[in-house]
Amino acid sequence: SIMRGCNNFCHYCIVPYTRGRERSRDVESILNEVLDLKQKGYKEVTLLGQNVNSYGKNLENPISFAKLLTMVEEVEGIERIRFMTSHPKDLSDELIEVMKNSKKICRHLHLPLQSGSSRILKLMNRKYDKEQYLELAAKLRREIPDLSLTTDIIVGFPGETEEDFEDTMDVVRKVQYDSAFTFIYSKRTGTPAATKEDQVSPEVVKDRFDRLLHVVQEIGSQKAGALQGTVQKVLIEEINAQDEHLVTGRLSNNSVVHVPGGADLIGKIVNVSLDECKGFYYLGTLAEGR
């Protein structure tokens, strides 16, 4: 964790009430922890925050999240850097430029949409609209062509109409997410949305949720096999839970890969031939000169 709390007060979320306002850790403590992890043999670190893009604004000496990333990248021995979660309203051109030019920041960005309807986004207090989100996604695709984009989507927020829902489907089709976490809206006591009277009926919500899930999975499966037949670097993380003769790791873009091997590979970044795509994961074999 590089920060605690949240200042955004999205109307469905209880976090600002339970964890308080944003508080960024000082840069030195973060870098010391990264150095400690490196000395213990870790190859990858993930920087966590409710909204990492607003990191550093409340420090005595303010610093941008993009600048923090460049400092973490300078730590020798750390080979991969991940982060989440990014709020679309705070994702800067500086951050995109740092990601684009980085050799360590993973080619994966989680960018929560929540809704594709500008009207619903305003009711959610998200502080961006449909067009702004689409422009940001297009910029990311343009500047970092090999980037994997994932998202969060809520179905059935109070007041959501069929037209609002179709706006969400439109964004999903245009952005072409690699995968998405889809949620049915649920009341959180103490949040503004919980007291709204225009709650959407469970039957309507389920129908919309199923339609959304179908499109998300369809797009995801179409995109999943893009790297089949290529050799890619995989960070091996663990023995496969279903087959002890396999180890499991991840590509930079967060795709899961299973490959024959033993515990001696855990923690190593190896070259893997991605022989077969099985939908949302690859089966591969160790490549020459691993």
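Okay, so let's go over this structure. Throughout this description, residue numbers start from 1 for each chain and increase along the sequence as written. Note on the predicted model: pLDDT of at least 70 is required for a residue's local features to be given, and 80 or more for side-chain atom pairs to be given and counted; whole-chain, interface and lining totals, by contrast, use all residues. Hydrogens are left out, water is left out, and the side-chain values use all remaining heavy atoms of the structure.

Moving on, we come to the side chain of Asn8. In this structure, Asn8 sits in the loop between β1 (3-4) and α1 (15-19). Note on classification: 1.4 Å probe, protein chains only; a residue is buried when its accessible area is under 20% of the maximum for its type, exposed when over 50%, partly exposed between these limits. Residue Asn8 is classed as buried on the basis of its relative accessible area of 5%. Between two residues, a contact is recorded if the distance between any of their heavy atoms is within 4.5 Å. Setting aside chain neighbours within four positions, we find Asn8 in contact with Asn51, His87, Lys89, Asn125 and Lys127. A run of DSSP states H or I qualifies as a helix once it reaches four residues; a run of E qualifies as a strand once it reaches two. Both are numbered from the N-terminal end.

For the rest of this paragraph, the subject is the pattern of salt bridges. Counted as salt bridges are all cases of a side-chain nitrogen of Lys or Arg within 4 Å of a carboxyl oxygen of Asp or Glu. Scanning all chains against the criterion turns up 22 salt bridges. With its nearest N and O atoms 3.1 Å apart, the salt bridge here joins Arg82 to Glu44. Within this pair, whereas Arg82 is found in strand β4 (residues 80-84), its partner Glu44 is found in strand β3 (residues 44-48), the two being separated by 38 residues in sequence. Close ionic contact of Asp146 with Arg107 constitutes a salt bridge, the shortest N to O distance being 3.3 Å. One end of the pair, Asp146, is in the loop between α6 (130-143) and β6 (148-155); the other, Arg107, is in the loop between α4 (93-101) and β5 (108-110), with 39 residues separating them in the sequence.

This part takes up the packing of α6 against helix α7 (residues 162-175). To define axes, lines are fitted to C-alpha atoms, for helices over the stretch in contact only, and angles between the resulting N-to-C directions are given on a 0 to 180 degree scale. Between α6 and α7, the shortest axis-to-axis distance is 11 Å and the interhelical angle comes to 10 degrees. Accordingly, the angle class assigned to the pair α6 and α7 is roughly parallel. Together, Lys130, Tyr133, Leu134, Ala137 and Arg141 of α6 and Asp167, Asp170, Val171, Lys174 and Val175 of α7 make up the contact between the two elements. Considered class by class, the residues forming the contact of α6 with α7 number 5 nonpolar, no polar and 5 charged. Throughout, the term roughly parallel applies to angles under 35 degrees, roughly antiparallel to angles over 145, roughly perpendicular to angles from 65 to 115, and oblique to all others. Gly counts as polar in this scheme, as do all residues outside two lists: the nonpolar Ala, Val, Leu, Ile, Met, Phe, Trp, Tyr, Cys and Pro, and the charged Asp, Glu, Lys and Arg.

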